[in-house]
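Now for the letters of each chain:
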Amino acid sequence: MHPSRRGFLGIGSAAFALAFTTNLADPRTAQARAAVKADYPFRLGVASGDPLPDRVILWTRLAPRPLEPLGGLPYNRIQVDWEIAEDEAFTRRVRHGSAWATPEYGHSVHVDAKGLRPGREYFYRFRAGGELSPVGRTKTAPAPRSSPDALRLAFASCASWQDGYYTAYRHLADENPDVVFHLGDYIYEYGIVPSGGTRNTPVPEQFRVQCDTLDRFRVQYGLYKSDPDLQAAHHRAPWIVTWDDHEVLDNWAGRYGPGGEVTEQDYLVIRANAFRAFWENMPVRVPEVRGPDARIYRRFTFGDLAEFNVLDTRQYRDDQVCGDGQQVDCAERLDPARQMIGAEQERWLLDGLGASRAKWNVLAQQVAMMQLDYDAGPAQRLSMDLWDGYRAAKDRLFTGMAERQVSNPVVLTGDIHYNLAGELRADFDDATTPPIGVEFVCTSVSSGGNGNASTGVPPGGSDPVNPHLRFSSYQRGYVSCEVTRGQWRSDFKVVPYVDRPGAPVSTRASLLTLDGAPGLHAL
Ligand SMILES: [Fe+2]
């Protein structure tokens, strides 16, 4: 737990009321429009996400002063016009409309732009108070019955603002991927010192406290989303996002809060505020979040080439056992009743995998699924926050995939701030069992600071304690993938530093897995 965490006693009911109040007052739109004109309203940029063959979510949030409550806007609703076109100059406009940016939703706008053509590039923008937003590029998913030859995607996670610059996001943007997956820790809930940490960029005193109220979460997103490199990455491709722990609280698990002075009721209020702020700030097609429960697991199909199951491994899991650390000999982790994604999501996942006609079946999720032994010696030291702490759930998933003869399972993971590539095995302690799939873990964008070129912990490469691990590095960056009918190639892109802007990018390693032959090959 982070040392700056403070007590939450007493804030519960006020924060709860803020999250759920609905303003039915007659909007004073003229006043609101004037406030918008006083300053540029699109300082958080635009975004698109959750692409389907005929539609995509278009997002913006009006905030002329992103670090102030309600983004510096009055408590009024504001009309926002949107348009989407086939060309960047908007001469071939295909859809347009208007939406309300309402204060109850932090003046965010989610438009589901429908009637689009599959597998096509589009450009979109918004207008409010006479001001035009930046132009975003997006792309729809291929037609359901199509057989695409290729898909280019990137995935990333863990972007602590105060730990460094988002150079990795800038390089990711330059690749123009078809789609970007973000696997969580998009924000960190931690308080930020007024000097702004590694960035040395001053932030207001209010950022010193950890996120708890909806307003506090909103300004945290405002700070993060003010970053030009993050905006560039959103402006260049549709994103499909899920959350990990730091969108809420370090290592939260289901209905189990951090304990101590934070009561369960307080924790659920914080969780509700965190979920609501996530929903307001992300280009997601999920129901409006109205409380401490929110279903965000969902599925995306790219013709018969790839199907992506986007998981939530936080909200439905049992509490971490044995003190939630790296443990030797924790028998409780083997309890067959323990859930990682919950019975309902587990059924949804296996049903989907069983019905899939896709060549590549992807789990886009948060925490490492392959076994990771952190002890370089004969002892086995496993992390209780990862799938290793939920062994029965992992076994049920692997058995279920084998029974359904799932084609080419690929797991995409974040969380751990290491680049890793490994083979998944039914029994990780028996190196002779054949791989049943592969896992690629992306390092952090900025969390942890500069990093270094070492492999470090967990012991990497072909180390005998983790024989299924084919590659590891402790550097900052993201992973870029080219998926074709014959192979899946993952390029681990790294930047040498994040404590100042402008670092170059390079490919640290490239790993291949072939259709019908689970296992990894280094290029
Ligand atoms: Fe993280």
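Model, not experiment: these values are computed from the prediction.

1. Side note on the overall build of the protein
Working step 1: Along the backbone of the protein there are eight helices and 24 strands.
Working step 2: Relative to a compact globule of 523 residues, whose C-alpha radius of gyration would be 24 Å, the protein shows 22 Å and is just as compact.
Working step 3: In terms of principal-axis extent, the alpha carbons of the protein reach across some 70 × 55 × 45 Å.
Working step 4: If you take every contact in the protein between residues at least 6 apart in sequence, the share linking residues at least 24 apart comes to 70%.
Working step 5: Carbon together with sulfur atoms contributes 50% to the accessible area of the protein, which is approximately 18,400 Å² in total.
Working step 6: Taken as two groups, the 57 positive and 65 negative side-chain charges of the protein have centres that lie 7 Å from each other.

2. Observations concerning the domain arrangement of the protein
Working step 1: The domain boundaries assigned to the protein delineate domain 1 (36-141) and domain 2 (143-522).
Working step 2: Here the C-alpha centre of domain 2 lies 27 Å away from the C-alpha centre of domain 1.
Working step 3: Taken residue by residue, the interface counts 37 residues in domain 1 and 38 residues in domain 2.
Working step 4: Together, the buried faces of domain 1 and domain 2 total about 2,900 Å²; carbon and sulfur atoms form 53% of this surface.
Working step 5: Here domain 1 is connected to domain 2 by three salt bridges.
Working step 6: Arg285 is the partner of Asp112 in a salt bridge, and the nearest nitrogen-oxygen pair spans 2.8 Å.
Working step 7: For the pair domain 1 and domain 2, the number of links is 21 residue pairs in polar contact (both at pLDDT 80 or more).
Working step 8: Elements with a minimum of two residues in the side of domain 1 that touches domain 2: strand 1 (46-49), strand 2 (56-61), strand 5 (108-113) and strand 8 (136-139).
Working step 9: Class assignment for the residues of the side of domain 1 that touches domain 2 results in 20 nonpolar, eight polar and nine charged.

3. So, the packing of helix 7 (residues 342-355) against helix 8 (residues 391-403)
Pairs of packed helices are described in terms of their axes, by the angle between the two and the distance that separates them.
Working step 1: Two numbers describe how helix 7 lies on helix 8: the axes approach to 10 Å, and their chain directions differ by 20°. In this view, helix 7 runs roughly parallel relative to helix 8, as classed from their interaxial angle. You can see that helix 7 and helix 8 cross each other, and the crossing is right-handed. Judged by residue contacts, Glu346, Leu349, Leu350 and Leu353 of helix 7 engage Ala393, Arg396, Leu397, Gly400 and Met401 from helix 8.

4. Observations concerning the packing of helix 4 (residues 214-225) against helix 6 (residues 264-281)
Working step 1: Helix 6 packs onto helix 4 with a crossing angle of 35° between their chain directions and a minimal axis gap of 9 Å. Relative to helix 6, the crossing made by helix 4 is right-handed. In this structure, helix 4 contributes Leu214, Phe217, Arg218, Tyr221 and Lys225 to the contact, and helix 6 contributes Ile270, Asn273, Ala274, Arg276, Ala277, Phe278, Glu280 and Asn281.
Working step 2: A per-class count over the contact of helix 4 with helix 6 returns seven nonpolar, two polar and four charged.

5. Concerning the state of the cysteines
Working step 1: Applying the stated criterion across every chain yields a total of one disulfide.
Working step 2: A sulfur-sulfur distance of 1.9 Å marks the disulfide that ties Cys322 to Cys330. Taking the torsion about the sulfur-sulfur bond, which here is approximately 80°, the covalent link between Cys322 and Cys330 counts as right-handed.
Working step 3: As a non-bridged cysteine, Cys442 has Cys158 as the owner of its nearest cysteine sulfur, 7.0 Å distant.
Working step 4: No disulfide involves Cys481; its sulfur sits 9.5 Å from that of Cys442, the nearest cysteine.
Working step 5: Taking relative accessible area as the criterion, Cys481 reaches 2% and is therefore assigned buried.

6. What about the sheet that holds strand 12 (residues 298-302)?
Working step 1: Across the sheet, which stays open at both edges, the seven strands sit in the order 12-13-15-17-19-18-20 with mixed pairing between neighbours. Single-partner strands in this sheet number two, and they are strand 12 and strand 20 (469-473). Each neighbouring strand pair of the sheet contributes to a mean axis angle of 20°, computed without reference to strand direction.
Working step 2: Looking at chain direction, strand 18 (residues 419-425) and strand 20 are connected through four bridges and run antiparallel. Counted as the bridge partner of Leu420 is Ser472 from strand 20.
Working step 3: In this fold helix 7 packs onto strand 12, strand 13 (306-310) and strand 15 (360-364), with an angle of close to 175° to the strand it touches most, strand 13.

7. What to know about the pairing of strand 9 (residues 150-156)
Working step 1: Taking burial as the measure, the seven residues of strand 9 include five buried ones, the bulk of the element.
Working step 2: The pairing of strand 9 with strand 21 (residues 476-484) spans six bridges and is antiparallel. Pairing of Ala150 across the sheet is with Thr484, part of strand 21.
Working step 3: In the sheet, strand 9 pairs with strand 10 (residues 179-182) via four bridges, with the strands oriented parallel. The residue of strand 10 that forms the bridge with Phe155 is Phe181.

8. Overview of the pattern of salt bridges
Working step 1: Under the definition given, this model contains 36 salt bridges.
Working step 2: Ionic pairing is found between Asp293 and Arg271, a salt bridge with its closest N-O pair at 3.1 Å. Taken together, the positions of Asp293 in the loop between helix 6 and strand 12 and Arg271 in helix 6 put the pair 22 residues apart, joining distant regions of the chain.
Working step 3: Residue class for Asp293 comes out partly exposed when judged on its relative accessible area of 47%.
Working step 4: Residues Lys394 and Asp388 are paired through a salt bridge, measuring 3.0 Å at the closest nitrogen-oxygen approach. Of the two residues examined, Lys394 and Asp388, each falls in the buried class.
Working step 5: Salt bridges here are not isolated pairs; linked through shared partners, they connect Glu86, Arg92, Arg117 and Arg120.

Rules used in this analysis
Every chain is numbered on its own, with residues counted from 1 as its sequence reads. Per-residue local features are limited, in this predicted model, to residues with pLDDT of at least 70; the limit for side-chain atom pairs, both in listing and counting, is 80 or more; totals at the level of whole chains, interfaces and linings are taken over all residues. Values shown for side chains rest on all heavy atoms present in the structure; no hydrogens or waters enter the calculation. Starting at the N terminus, helices and strands are each numbered in turn, a helix being any DSSP run of H or I of at least four residues and a strand any DSSP run of E of at least two. Here the globule rule reads 2.2 Å times residues to the power 0.38, and the radius of gyration is calculated from C-alpha atoms. Contacts: residue pairs with any heavy atoms within 4.5 Å of one another. Using a 1.4 Å probe, accessible areas were evaluated by the Shrake-Rupley method; residue-level cover was limited to the displayed protein chains. Under this rule, positive means Lys or Arg and negative means Asp or Glu; His and the chain ends count for nothing. In plain terms, the charge of a residue is placed at NZ if it is Lys, CZ if Arg, CG if Asp and CD if Glu. All the domain ranges listed were derived from an automatic or database domain assignment. Two parts placed together each lose some accessible area under a 1.4 Å probe, and adding up what both lose gives the buried area. Any Lys or Arg side-chain nitrogen found within 4 Å of a carboxyl oxygen on Asp or Glu counts as a salt bridge. In protein, a polar contact means a hydrogen-donor-capable atom and an acceptor-capable atom, both N or O and within 3.5 Å, with residues adjacent in sequence counting only if both atoms are side-chain atoms; elsewhere, any N or O pair within 3.5 Å suffices. Note that Gly is not counted as nonpolar here; it falls among the polar residues with everything else outside the nonpolar set of Ala, Val, Leu, Ile, Met, Phe, Trp, Tyr, Cys and Pro and the charged set of Asp, Glu, Lys and Arg. In this description, a line fitted to the C-alpha atoms serves as the axis of each element, helices being fitted only across the stretch in contact, and the angle between N-to-C directions of two axes falls anywhere from 0 to 180 degrees. Our angle categories are set so that under 35 degrees counts as roughly parallel, over 145 as roughly antiparallel, 65 to 115 as roughly perpendicular, and the remainder as oblique. What makes a crossing left-handed is the near helix being turned counterclockwise from the far one by less than a right angle; a clockwise turn instead makes it right-handed. Note on disulfides: each one is a pair of cysteine sulfur atoms within 2.5 Å. Residue burial is assigned from relative accessible area. The probe radius is 1.4 Å, only protein chains are included, and a residue is buried under 20% of its type maximum, exposed over 50%, and partly exposed in between. At least two DSSP bridges between two strands are needed for those strands to be called paired.

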